[in-house]
Structures are given as structure tokens and as C-alpha cells.
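Reading the structure
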Amino acid sequence: MRKILVVDDDAELRMTVASALTEGQYVVEQACDGEEAVNRIKANAFDLVLMDVNMPRLSGIEALKEIKAHDPSIMVIILTAFSNIRDAIEATRLGAYNYLEKPVKSDNLVYMIDLAFKSQNMVKSLSYSAPVFNLPSGNEFVGQSNEMKKIFSIIDRLARVDTAVLIRGESGTGKELVAQSLHYNGPRKDNRFVAINCSAIPESLMESEFFGHEKGAFTGADSRKIGKFQYAEGGTLFLDEIGEIPASMQVKLLRVLQEKKFTPVGSNREIEMNVRIVAATNRNLESMIKDGSFREDLFYRLNVLPIQLPPLRERKNDIESLSQYFTEKFNQRYHKQIRGIKEDAMSLLKSHRWPGNIRELENVMEHAFVLEAEDMISVDSLPEKIRNSAPAVQHIDKMAAGSLSFEEGDIPMEGSAMSFRLSVQKFDFQASKEEFEKQFLMEALKVFKGKINQTAIHANIPKKTLLRKLEKYGITAKDYND
Ligand SMILES: Nc1ncnc2c1ncn2[C@@H]1O[C@H](COP(=O)(O)OP(=O)(O)OP(=O)(O)O)[C@@H](O)[C@H]1O
Ligand SMILES: [Mg+2]
């Protein structure tokens, strides 16, 4: 629930304002002057502050400056007498959202708070992701890595056209979310989005699921039934796990894609269709084509416009915004007020390999929400597999430094021991290599105080590669500026 702080030296006014608000939606607390307000805000998270201007100890204007310096996302609405309107205008210049004249009318108050929260939401979702896609409620598409920004711009363009799309990516990378974004942001959005999980339908029923059947078409078909293609008319049909459909259905699907017509089982009437097909798979269709289990012609029909979703481990700087997003989602679901994730817990999240990608992160966050008793998620409330994903430490002495063209004495080492942690827990070459690269880059940035050019030259990495790797591992060079 949103938290509001009401600040005024007039106790009666505080009570009036608070009682106009409490009804149901908000947690309301009070402070009697600017100084108390600032202290409370520093100790506890608030979403919005309603504040008088003239108060003893610390004025509203001064308090506003401190609040905004502490957390610019807190919305501040100034309560002011008409004679002080100039102060109120000054306050909006300093970052207050707006002002209300005293005596405060409860309708105006509720309306303005509502607007303030709406704009706060917008700012928050903008900071998560480049565009804000329309999605069925409860979902948001989050990502700020370059990889995801590219995906967003592809979705944006593909939503407007009608071509088939094939979405590829490991399990849990957001394939269904992409399919929904394509549908709900395009001209078909007022018609249905129908998802079929091809791996969940037995082969014998698949044709009837897709195309429907006439009464008596086969044993058990005791009434006429329309199929998913017809149900999705005018909208989008999402064929999830397309790699799982049997050969017989592949031929039929190809025909539908080519001719935009199909025949229900047991019928002799063709039905025309106007449905956009979006398919998804995490299978390697190319090798399925080679071994004959997936038709090449169907592949090319579907693969007109492919979208490849990168796994989470290749866009680690999305982990922070995703976990922030899940924090808000679960705060609502579990009626909690968790403010964020402690630093050591966050670095564990960043070093995990996330084989289950975003779905796994979502589950981990939910697990932590259930267990966490404080208002920040700590290492102890993370599941064991994450706590254990901290790499086992093994030092590879100066040998590593030498072979990576660091010459001791050549550069200012300043106590930064050139040793690396190596993940030997699982004998996974890729994971160990990535862990090594990450440690190496952080160490090098430390030595060269975050200067990209120097780091690139001395560590013998092309600047482009360096920048790409920093992005990949979510390392910010500026953090090493000293
Ligand atoms: N970028 C994202 N921002 C917010 N939530 C996301 C994002 N990507 C995925 N999710 C969430 O993660 C979960 C898994 O996503 P989704 O079901 O789309 O993955 P998938 O690729 O279809 O997985 P699978 O191959 O297992 O079917 C969903 O709850 C989804 O809402
Ligand atoms: Mg899926």
C-alpha cells in the first residue's frame, strides 16, 4: 500500500487531511514540522508527502530540498495559504509536484494525489524499459540493456505489420510476453489473443484443436466444435513450442499459412481465416530440419521475421530493474512493503547463471518475499541454489596477470592484488570463462580508475570489446572513478 506523510504544524489540519485519505487505500503518517518530516523520510520509505510551507525548525521549502536530494522519486504536494502562493510556486520549481490551497477540499486532495501517483507510475515504468507496451494487466515488459532495447524496437515495428513471426529463446526469456506485446500493440488488439501450447496437445486431438470438427467427425465428437484458428479470427494465434508439432500437422499448418484457409475435421467446407500467426520455440529448429523432424518449408514460412531473445546471463544489467519490478509486483500481491534488495544479495543475483532466465528470477524473488521479515531482501531469504552460486574461491596467482599482458610495476597496482576467483564448483567452461572475464575487468578498472581508454590499452582489449563486455556483465566504469 502507498505511504503518505502529512506534514503541518497545525495538528487539526493534519487530522483533517489524514482522515480524508485513510479510507482504504493508503497508509498515512504525520509529522509536525520540516525537520521531523525529513528524519522520518530518511528512516522509512514514503511515496508521497503533503507539506505545509511555514513551519517551525525547518520550513517546507528547505524540507522539500532535502527530501528531493534524498529520493527524487518521492512526490511532494505543498499545502499553502493563498497569501503564500509565491512560495508554493517556488516549491514547484524545486521539484514539488503541485500545490493545494488551504483550506484543503477533500475532493481536490484525492484527485491530485491520484494524478501524482499516476505520473509516479509512468516515471517508474519509463525507467525500467524503453517503450511502455500495452500488455494484459499485471504484466510489464522490463529491460534497459542494449540487447533488450533492440528487441523493443523490433517489436515496435513488427506489431504494426501482419507477417508471421518466430520468437526464439531459452525457457523463461519472455517469448510469450513478446507475443502478447506484438498483439496488444498492433491493429488486432481489440480481437483475441489465443495461445496454444503445442506440446500439451495429444497428436490425435491436435487437428481438431486447431481447426475444429463437425459433429460425429470421430468417435467422441458428439457436437460441433470450432477450433482455435476460428476462435482467434481477426486476432493473433500464438503457437507456443512449435517445434513439438508432429509431421502430419506441420503439413496442414503450412497449407493454412499459404492459403489462409482451413477445413474443420469431418467437414467438406473450407473456412477462410484472418489470423496473425506468432510462433515460439526453444528448440534448435535448424538441427531438427537436418534430422528431418521439422519441415524446412514451414520453417521459412514462419521465420520471415525472427526475434531472438537473449538469455538473462547475457544481459546482467537487466537484473536490477527486473528485480525492482518484481519487488513492486510482489509488494502488491503479498501486501508487503519491501523497499529493495541488499547489496550483497544483489551481487549474488548478478553472479548466478539463471538457466531458467526471468521466470527463475521471478520465482527466486517470490521465494524471498515469502521468507523476508525485514523491509530489504537479504541473502538469508534467497534460495539455497542462489546462495551457493557464489563462486568457490581459488587464486590463480600472478600467472594470470602475466599472460594477460599486465606487467607488474608497469602500472599502478596500489594494493589491488591480481588474483582471480574461478568457479570450480561446476566444471563448466563457459561459466568459468565468464566469471574470469568479469573479475579481470573489474580488477583492471580498479587499477585504471575506471578510465576506459587506458584500461583498453593496458589490458590489451579492443575498446569496443571492452565496452561490450562491461555492458554484458553490468559493470559501470564510472563506479571505479575513485
Ligand atoms: N522483460 C521482462 N520483463 C518483465 N517480466 C518478464 C520479462 N521477461 C519475462 N518476464 C516474465 O517471466 C515469466 C516467463 O516469461 P515467458 O512465459 O514469456 O517466457 P517463455 O520464453 O515463454 O518461457 P517458456 O519457454 O518456458 O515458455 C513470465 O512471468 C513473464 O511475465
Ligand atoms: Mg512460454
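As a reminder, the structure under discussion sits directly above these lines.
Residues numbered from 1 in each chain as written. Chains lettered and ligands numbered in written order. Predicted model: local features only at pLDDT ≥ 70, side-chain atom pairs only at ≥ 80, totals over all residues.

Another aspect to go through is the sheet that holds strand 14 (residues 305-308). The 5 strands lie next to each other as 7-10-13-6-14, forming an open sheet whose pairing is parallel. Edge positions in the sheet fall to strand 7 (193-197) and strand 14, since each has one partner strand and no second. Shown here is a sheet whose adjacent strand axes are inclined to one another by a mean of 20°, direction ignored. As paired strands, strand 10 (residues 236-240) and strand 13 (residues 276-281) are joined by 4 bridges and run parallel to one another. The residue of strand 13 that forms the bridge with phenylalanine 238 is valine 278. (Pairing = 2+ DSSP bridges. Helix = DSSP H or I, 4+ residues; strand = E, 2+ residues; numbered from the N terminus. Axes fitted to C-alpha atoms, helices over the stretch in contact; angles between N-to-C directions.)

So, about the sheet that holds strand 2 (residues 26-31). One open sheet holds the 5 strands; their spatial order is 2-1-3-4-5, and the pairing between them is parallel. At either end of the open sheet lies a strand with only one pairing partner, and these are strand 2 and strand 5 (98-101). In this sheet, neighbouring strand axes are inclined to one another by 20° on average, regardless of whether the strands run parallel or antiparallel. As paired elements, strand 1 (residues 2-7) and strand 3 (residues 48-52) share 4 bridges and run parallel to each other. Looking at the pairing, valine 6 lines up with leucine 50 of strand 3. Along the sheet, helix 3 (residues 60-70) makes contact with strand 3 and strand 4 (75-80), crossing strand 3 at roughly 160°. Strands strand 4 and strand 5 of the sheet are contacted by helix 4 (residues 85-93), whose axis makes an angle of about 170° with strand 4. (Contact = placed C-beta atoms within 7 Å.)

Ranked by internal contacts, the top residues of the largest apolar core, which has 55 residues, are Ile167, Leu237, Leu239, Val278, Ala279 and Leu361. In terms of domain composition, this core takes at least three residues from each of domain 2 (146-308) and domain 3 (313-387). Those residues in contact with leucine 237 that lie beyond four places of it in its chain are Val194, Ile196, Lys228, Phe229, Ala232, Val275 and Ile277. (Core = buried A, V, L, I, M, F, W, Y, C linked by C-beta atoms within 7 Å. Buried ≥ 20, exposed ≤ 12 C-beta atoms within 10 Å, placed from the backbone. Domains from an automatic or database assignment.)

A packed helix pair is summarised by two numbers, namely the angle formed by the two axes and the spacing between the axes. Two elements in contact, helix 3 and helix 4, have axes whose closest approach is 10 Å; the angle formed by their N-to-C orientations is 10°. By the angle between their directions, the pair helix 3 and helix 4 is classed as roughly parallel. Between helix 3, through Gly60, Ile61 and Leu64, and helix 4, the contact on the second element is made entirely by Asp87, Glu90 and Ala91. Residues belonging to the contact of helix 3 with helix 4 are distributed by class as follows: 3 nonpolar, 1 polar and 2 charged. (Parallel < 35°, antiparallel > 145°, perpendicular 65-115°, else oblique. Nonpolar A, V, L, I, M, F, W, Y, C, P; charged D, E, K, R; others polar.)

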